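Secondary and tertiary structure notes
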Amino acid sequence: YPSAPHTPPFDKSRMPFGVDGAGRSIRDLETAVIVEGYMDAIQAHQAGFTNVVAQMGTAMTEAQLKKIAPRWAKRIVLALDADAAGQSATLRGLEVARETLQADYSGRLSVDIRILAIPGAKDPDDLIRETPEQWAQLVANATPVADYVIAVETGALPANASLQEREAVARRVLPILIASESDLYKKDSLQKLAQKLHIAERDLLLWADEQQRIAAAKAPRGTPEARPNTSTGKTSSDDGDGTSSETLTKPLFALPVQEAELEKYTLRMLFHRPELFYQVNRKFRELAADHPDLAQGPLADLSPEDFSRSDYRTLMLALRSALDQDEMEVVDYVRAQVDPRLQQIVDSLEVTDVSALQAKINHRMLADLAASIKHHGRAIAVADQDAETIEKALRLRKQRVVRDRQEIGFLQADTQLSEDETTDQPTFDRLIHLYNLAERRIDAELQRQAQFLRQF
């Protein structure tokens, strides 16, 4: 009963209102509609919509959801109030549902979650009383959860939102997007989010993977995230940068692993030999040559924006600050400046010449490595290392050029759709031409670098 007090025999947090009368319909239809208020549920049952239940208390709880899904319902429709408070309640409910209704340890949802948005910000009670036939249509055509979350979260962004603001939205939305069972729907959702936020899909994939690995590393043993993979028998392990080096199940996406390793390698070499930072920037200036727009734009000095991972961006910023002072060793200065949680990553970036060269020759036997160094000499090994670092930095910059050009394309498409006459469309064309030119020059240099590296 709605007004019944919370007592040991009757725990509101564990029981959806109306579940006793809705259970059979939910099982038959495999769909449960969750409303916010008791009167919403009562009105729905009076109109013949008997698969409707209401959350008890101020918010949906895990225990309430488990009463109906996934054992009865394969589809959950959240039909909360359409005002600002209702939107907030819907987002909270979605988070509870995501954490509760994971079918397996990969984080995929065991049910299809939809959102029912009522036109005119009406309550379900009012709509069902006035036009019950419209209620049935709205339930049948409820919005997929990913579409709803993307619309709500991106709709609150200002027109000139910074990259940090857009990244924050992406990181809030990604857990919902990656929980989808359908890879096709997941990819479609990522494309929509990329378009809305003007962020490349590649970056969204990297952030999603980063969040998944961090969550797995933080999960205590015995929780779903920390349990062994039943197909491999493996559990999570630390790769030295503070995150799990092996996800506990198959990756949620075909992640660009080579690109992630490219960022790690470049940062590692810059930490090991900071003077390479100046050599890389000198190469960028050579490529810009007589084109000042290139030197100030797509071929400017290496910066935190060249890295996708937020922790790597933070360390790159600290590295640049360390190079501007001469009181402390570079690594010592970085350690003193960064958050203690990043110290493990700094540890993993400190390598020796032998370690780097060993990785380059695919971890051959140490005896072979020693013979190689003795045969070629340390000077040649270092020159090889310098050239390879520059080559990796060029590839890293090419990724950013492609990413930035895609964002310019997003902006151009937005202005064309809005038919904004005040926007200078030729400016977009000039920028795209500039980034195309930068990519061509980088590609030409990469070919030359490849020929040089083949000599070793």
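The structure contained in this document is the topic of the report that follows. Keep in mind it's a predicted model, so treat the numbers as computed, not measured.

Some points on the overall build of the protein
Across its full length, the protein carries 20 helices and five strands. Looking at the 456 residues of the protein, the share that counts as buried comes to 46%. The contacts of the protein with a sequence gap of at least 6 include a subset with a gap of at least 24, amounting to 69%.

Digging into the side chain of Asp40
As for its placement among the helices and strands, Asp40 is situated in helix H2 (residues 38-46). Put simply, Asp40 is tucked away with no salt bridge, and the nearest opposite charge, on Arg129, sits 7.4 Å away. A distance of 2.9 Å separates a polar side-chain atom of Asp40 from the backbone nitrogen of Asp125.

A closer look at the packing of aromatic side chains
Overall, the coordinates contain two aromatic pairs when judged by the stated rule. For the pair Phe17 and Tyr38, a centre-to-centre distance of 4.9 Å together with 65 degrees between the ring planes defines the contact as edge-to-face. Taken together, the positions of Phe17 in the segment before helix H1 (19-29) and Tyr38 in helix H2 put the pair 21 residues apart, joining distant regions of the chain. Summarising the aromatic geometry, the rings of Phe277 and Tyr278 are spaced 5.7 Å apart at their centres and angled 75 degrees between planes, so their arrangement reads as edge-to-face. Stacked on the ring of Trp72, the Lys or Arg Arg27 has its end atom at 5.1 Å from the ring centre. Over the aromatic face of Tyr265 sits the side chain of Lys392, whose NZ or CZ is 5.2 Å from the ring centroid.

Remarks on the sheet that holds strand S4 (residues 112-115)
With mixed pairing, the five strands of this open sheet are ordered in space as S2-S1-S3-S4-S5. Single-partner strands in this sheet number two, and they are strand S2 (52-54) and strand S5 (143-144). Across two bridges, the pairing between S4 and S5 is antiparallel. Bridging across to S5, Arg114 finds its partner in Pro144. Its contacts with the sheet place H2 against strand S1 (31-35) and S2, and it is angled at close to 165 degrees to S2. Set on the sheet, helix H6 (residues 132-140) makes contact with S1, S2 and strand S3 (75-79); between it and S3 the angle comes to about 125 degrees.

Topic: the nonpolar core
Leu267, Phe271, Leu302, Leu315, Met316 and Val334 are the most contacted members of the largest nonpolar core, which has 45 residues in total. Among the secondary structure elements, those contributing two or more residues to this core are helix H11 (257-272), helix H12 (276-288), helix H14 (310-323), helix H15 (330-337), helix H16 (343-349), helix H19 (378-418) and helix H20 (425-453). Grouped together as the second largest cluster of nonpolar side chains are 42 residues, Ile26, Trp72, Leu94 and Tyr148 included.

Points about the pattern of salt bridges
The final tally for this structure, using the stated rule, is 26 salt bridges. Residues Arg397 and Asp306 are paired through a salt bridge, measuring 2.7 Å at the closest nitrogen-oxygen approach. Of the two residues, Arg397 sits in helix H19 while Asp306 sits in the loop between helix H13 (292-296) and H14, which places them 91 residues apart along the sequence. By relative accessible area, Arg397 is classed as buried at 2%. Each of Lys283, Glu286, Glu445 and Arg448 takes part in one network of salt bridges that share partners.

A few points about the environment of Thr90
When you line up the elements, Thr90 lands in helix H4 (residues 84-100). Relative accessible area serves as the criterion here: at 3%, Thr90 is assigned to the buried category. For the pair Thr90 and Leu78, spaced twelve residues apart in sequence, the C-alpha to C-alpha distance is 7.1 Å. Thr90 has contacts with Leu78, Leu80, Ile115 and Tyr148, leaving out every residue within four places of it along the chain.

A look at the environment of Leu315
Locating Leu315 in the fold gives a position in helix H14. Spatially, the C-alpha atoms of Leu315 and Asp339 are 9.7 Å apart, while their sequence positions differ by 24 residues. Those residues within four positions of Leu315 in sequence are excluded, and the remaining contacts are Leu267, Phe271, Val334, Val338, Leu342, Ile345, Val346 and Leu349.

Some details on the packing of helix H7 (residues 145-155) against helix H8 (residues 163-177)
Pairs of packed helices are described in terms of their axes, by the angle between the two and the distance that separates them. One can describe the packing of H7 onto H8 by two numbers: an axis separation of 10 Å at closest approach and a directional angle of 170 degrees. Relative to H8, the element H7 lies roughly antiparallel. Contacts between H7 and H8 involve Val145, Ala146, Val149, Ile150, Glu153 and Thr154 on the former and, on the latter, Val169, Arg172, Val173, Ile176 and Leu177. Class assignment of the residues belonging to the contact of H7 with H8 gives a composition of eight nonpolar, one polar and two charged.

Here we look at the pairing of S1
Burial analysis of S1 places five of its five residues in the buried class, the great majority of the element. On S1, burial covers both faces: Thr31, Val33 and Val35 on one face and Ala32 and Ile34 on the other are all buried. Bridge count between S1 and S3: five bridges; the pairing is parallel. Along S3, the bridge assignment pairs Ala32 with Ile76. Two elements, S1 and S2, share three bridges in a ladder whose sense is parallel. Bridge pairing in S2 links Val33 to Val52. Between the parallel elements S1 and S2, the chain passes through H2 in a crossover that is right-handed.

The rules behind each value
- Residues numbered from 1 in each chain as written.
- Predicted model: local features only at pLDDT ≥ 70, side-chain atom pairs only at ≥ 80, totals over all residues.
- Heavy atoms only, no water.
- Helix = DSSP H or I, 4+ residues; strand = E, 2+ residues; numbered from the N terminus.
- Buried < 20%, exposed > 50% of the residue type's maximum accessible area, 1.4 Å probe, protein only.
- Contact = heavy atoms within 4.5 Å.
- Lys, Arg positive; Asp, Glu negative; His and termini not counted.
- Salt bridge = Lys/Arg side-chain N within 4 Å of Asp/Glu carboxyl O.
- Polar contact = N/O pair within 3.5 Å; in protein donor to acceptor, adjacent residues only side chain to side chain.
- Phe/Tyr/Trp six-rings, centres within 6.5 Å; stacked < 30°, edge-to-face > 60°.
- Lys NZ or Arg CZ within 6 Å of the ring centre and 35° of its normal.
- Pairing = 2+ DSSP bridges.
- Axes fitted to C-alpha atoms, helices over the stretch in contact; angles between N-to-C directions.
- Core = buried A, V, L, I, M, F, W, Y, C linked by side-chain atoms within 4.5 Å.
- Parallel < 35°, antiparallel > 145°, perpendicular 65-115°, else oblique.
- Nonpolar A, V, L, I, M, F, W, Y, C, P; charged D, E, K, R; others polar.
- Right-handed = clockwise from strand over helix to strand, strands pointing away.

The values are spatial; any link to function lies outside them.
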